[in-house]
Amino acid sequence: MDKPFSHHIFLFPFKWDYLPEGQKSLSIPFLDRLQLKDVESQIEAQVRTTRWEAFFLSNNEARNYNEYQYFYPQVRPVLFGPIEWEKEITPYVKSKSDDRVLLQYRLGVPTNEWKYQIKLVNGTTFKLAIEDITLNIYETGVGILGFHLSNYEASAPEDILLINDFGRRIYPQYLTADTNMVSAVKSNFLADKITIFDQTKIIVEDDFSAFSTSDSLQYNIRRLPDHIMKILGDNFRYDLKDEHTSIFISPVIDDRMFTICWYGDNNMQSSLQKSSGEGKHRLYEYISNQWWHKFIFVDGKTPGSGGDTFLENLNKLHTYDRWVKDYSGGGTLFGISRYSFVMLTAKNWFTENILLRHVQTVYFQLVMLALVQRASVMRFSQEVTSKSTLDEPSIKRLSQTLQHLHKKYLQFINRMYFREVTAQEQGIDLYKILCDKMELEKNIKDLNQEIDELHEYVSIEEQREQTFEINRLTKIAAIFLPVSLAVGILGMNSLQVPEDFFTPYIDTTFWKSMSIVGIGLILGLILALVNFKNK
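Because the structure is a prediction, the values reported are computed rather than measured.

Moving on: the overall build of the protein chain. On a plain count of helices and strands, the protein chain comes out with 18 helices and 16 strands. Classification of the 535 residues of the protein chain by burial places 50% in the buried group. Taking all contacts inside the protein chain whose residues are at least 6 apart in sequence as the whole, residues at least 24 apart take part in 69%.

Right, here's the structure in full:
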């Protein structure tokens, strides 16, 4: 079988909320929107139309075994969910959805029968074979849709850049005031058309025309492309105006899907591993190479930096060159940014059969771990921000919402946030770089501070309400204090109504007691009124 020139994985991270029928807002309790069992029921309900199949890691393939062994045991549930051959050790009960970290699905499509076509506005077309389409839904309220693509046709280095840049865009980065508002962005970043088709028909096609005029834009400002929504299925929606029971989704980052790419090219690899100088003064060609910079930062046409020194510094900071002079495989370069993980190798048996497989499995999983952590942190941060507007109808409701949010956050920290995920040296290095570029540690510290500050505010407000209630009870008690004092001095017997109450005889003891009680009530009311005015 022919080997691909390159392999591309586009990952779309999104946040999700389960909304019952008729629900047009996210006002329902936080935990009620994030039940995996609800998402599972919605996906299973549309199996016939979408072909989604639940995926569980089995031990009948070498690649599954390799992935399983590569990661620490505590990490595996986040990557693979329930594992079939571990059921006897840790029984998996389907109905107990709260015990699961994720739901995992694959689209039931034969490998390479579907194509992912990227058409540029100048007519250039790239047709990639779809190896797999994956869907992961996590308990933190985020999901990742993945397109796994192989390129068997375009081999030029510049073509690889265009595939990555134009293939990952999901909506226009900007609009212009032209008659066609997407014409300019299509010349720079956005594909003219994305089409998914098989040998007989077009499965889905999107030319982004929904953003082309002001009339259509007002109805599509939050629109996600058809090649995402139609693959997900009708039970997913991006518009809160839809009233049917469904899963509401929105991008958690921006208009770009995260890009993983392996590219095998002997000439380019040989060129970038050239060096000058010796020892610590050795400088490799990749440090100043513009193509390598564009490959790392997914720039299709021009590099995103104008100065040579700035470009060189970025190339150094974002390149992992441990195997740049690995003569057994021809040399390997890794480029890592917050939205890309790229790998350049020579093209030979070792790179095509071993390193490419690593990109498709263990390196892909490393990226998934870092990406789901970044997406989850951003999801929680957005929730905290929305609650910080303090527009909840009551402090009690806000306190309950914060408790739910804090519970999910703690589950995330304990079950999904890892500082190290494998014992393999290269895996440790790559994962550390990924986390560093995504600034995970800093963002988690910031999120923790945001939650603590909101919690402190809620605690102060709850204390204020409690103080208010105590003061109100104190005032009521103060009103009746003189009465209680009078009753205590005179005794309850003096307040008993005499038997001849309705006779002309006047019981002076009784009426004296009642007078004292009345005076006490008046004094109590006067004291309460004075206290109220002073406040």
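Next comes the rest of the account.
What follows concerns helix α6 (residues 157-167). Summarising burial for α6: eight of the eleven residues are buried, a large majority. Looking at α6, one finds that the buried residues are Ile160, Leu161, Leu162, Ile163, Asn164, Asp165, Phe166 and Gly167.

Between two packed helices, what matters for the description is the angle formed by their axes and the separation of those axes. Orientation of helix α14 (residues 362-387) relative to helix α16 (residues 425-437), taken along the N-to-C sense of each, is 30 degrees, at an axis distance of 10 Å. When the interaxial angle is binned, α14 and α16 end up roughly parallel. Classified by chirality, the crossing of α16 by α14 is right-handed. Contact with α14, carried on its side by Tyr363, Leu366, Val367, Leu369, Ala370 and Gln373, involves Gln426, Gly427, Leu430, Tyr431 and Leu434 of α16 and no other residues of that element. Per-class residue counts for the contact of α14 with α16 are eight nonpolar, three polar and no charged.

Looking now at the environment of Ile451. Secondary-structure assignment places Ile451 in helix α17 (residues 440-490). On the basis of relative accessible area, Ile451 is assigned to the buried category, the value being 2%. Along the backbone, Ile451 and Val384 are 67 residues apart, and their C-alpha atoms lie at a distance of 6.8 Å. Apart from the residues lying within four places of it in its own chain, the contact partners of Ile451 are Val384, Leu402, His406 and Tyr409.

Okay, unusual backbone geometry next. The residue Phe208 is not glycine, and still its phi comes out positive at about 60 degrees. By relative accessible area, which is 0% here, Phe208 ends up buried. One non-glycine residue, Val298, lies in positive phi territory at about 55 degrees.

Now for the pattern of salt bridges. In the structure shown here, the tally under the stated rule is 23 salt bridges. A salt bridge links Asp192 to Lys119; the nearest nitrogen and oxygen atoms lie 3.2 Å apart. Taken as a pair, Asp192 in the loop between α7 (183-188) and β7 (193-197) and Lys119 in strand β4 (residues 115-119) lie far apart in primary sequence, 73 residues in all. Among the ionic pairs, Lys442 bridges to Asp446, the shortest N-O distance being 3.0 Å. Here the residue Lys442 and the residue Asp446 both occupy positions in helix α17, the gap between them amounting to four residues, near one helical turn. Owing to a relative accessible area of 46%, Lys442 belongs among the partly exposed residues under this scheme. Classification of Asp446 as partly exposed rests on a relative accessible area of 31%.

On to the packing of aromatic side chains, then. Inspection of every chain in the model, using the stated rule, returns 17 aromatic pairs. Their ring planes at 70 degrees and their centres at 6.5 Å tell us that Tyr263 and Phe295 sit as a pair that is edge-to-face. Of this pair, Tyr263 sits in strand β11 (residues 258-264) while Phe295 is found in helix α11 (residues 290-296), placing the two residues 32 residues apart along the sequence. Judged by its relative accessible area of 0%, Tyr263 is buried. Judged by its relative accessible area of 1%, Phe295 is buried. Ring pairs connect the aromatic residues Tyr263, Trp291, Trp292 and Phe295, which therefore count as one cluster. In this arrangement the basic side chain of Arg106 is found over the ring face of Phe55, its NZ or CZ atom lying 3.9 Å from the centre. Seen from the ring of Tyr339, Arg256 lies directly overhead, with NZ or CZ sitting 4.5 Å from the centre.

This part covers the confidence of the model for the protein chain. With 81% of its residues at a pLDDT of 70 or more, the protein chain shows a mean pLDDT of 84. When pLDDT is averaged over each helix and strand of the protein chain, the minimum, 60, is found for helix α18 (residues 508-534) and the maximum, 98, for β11.

Now for the pairing of strand β15 (residues 332-337). The side chains of a regular strand alternate between the sheet's two faces. Taken across its six residues, β15 has six buried, putting it largely inside the fold. Because side chains alternate across β15, one face comprises the buried residues Thr332, Phe334 and Ile336, and the other comprises Leu333, Gly335 and Ser337, equally buried. In the sheet, strand β14 (residues 319-320) pairs with β15 via two bridges, with the strands oriented antiparallel. Opposite Thr319, over in β15, you have Gly335 as the bridge partner. Alignment of β15 against strand β16 (residues 340-345), held across six bridges, turns out to be antiparallel. From the neighbouring strand, Ser337 faces β16, where its bridge partner is Ser340. A loop of two residues connects β15 with β16, the two strands running antiparallel in sequence.

Quick look at the side chain of Thr195 now. With respect to the helices, strands and loops of the structure, Thr195 is situated in strand β7. Among the residues examined, Thr195 registers a relative accessible area of 4% and is labelled buried. Only 3.0 Å separates the side chain of Thr195 from the side chain of Glu205, close enough to count as a polar contact. Residues within four places of Thr195 in sequence aside, it is in contact with Lys115, Tyr116, Gln117, Ile202, Val204 and Glu205.

Turning next to the environment of Arg256. Counting through the fold element by element, Arg256 comes out in the loop between β10 (246-251) and β11. On the accessibility criterion, Arg256 (23% relative accessible area) is partly exposed. Beyond its immediate stretch of four places on either side in the chain, Arg256 contacts Arg168, Arg169 and Tyr339. Within polar-contact distance, the side chain of Arg256 engages the side chain of Asp254 at 2.6 Å.

One way to put it is that helix α13 (residues 349-360) packs onto α14 with a least axis distance of 3 Å and a crossing angle of 25 degrees. Compared by their axis directions, α13 and α14 come out roughly parallel. Residue-level contacts link His358, Val359 and Gln360 of α13 to Val362, Tyr363 and Phe364 of α14. The residue makeup of the contact of α13 with α14, split by class, is four nonpolar, two polar and no charged.

Cut-offs used in this document
Residues numbered from 1 in each chain as written. Predicted model: local features only at pLDDT ≥ 70, side-chain atom pairs only at ≥ 80, totals over all residues. Heavy atoms only, no water. Helix = DSSP H or I, 4+ residues; strand = E, 2+ residues; numbered from the N terminus. Buried < 20%, exposed > 50% of the residue type's maximum accessible area, 1.4 Å probe, protein only. Contact = heavy atoms within 4.5 Å. Axes fitted to C-alpha atoms, helices over the stretch in contact; angles between N-to-C directions. Parallel < 35°, antiparallel > 145°, perpendicular 65-115°, else oblique. Left-handed = near helix turned anticlockwise from the far one by under 90°. Nonpolar A, V, L, I, M, F, W, Y, C, P; charged D, E, K, R; others polar. Salt bridge = Lys/Arg side-chain N within 4 Å of Asp/Glu carboxyl O. Phe/Tyr/Trp six-rings, centres within 6.5 Å; stacked < 30°, edge-to-face > 60°. Lys NZ or Arg CZ within 6 Å of the ring centre and 35° of its normal. pLDDT = per-residue confidence, 0-100. Pairing = 2+ DSSP bridges. Polar contact = N/O pair within 3.5 Å; in protein donor to acceptor, adjacent residues only side chain to side chain.

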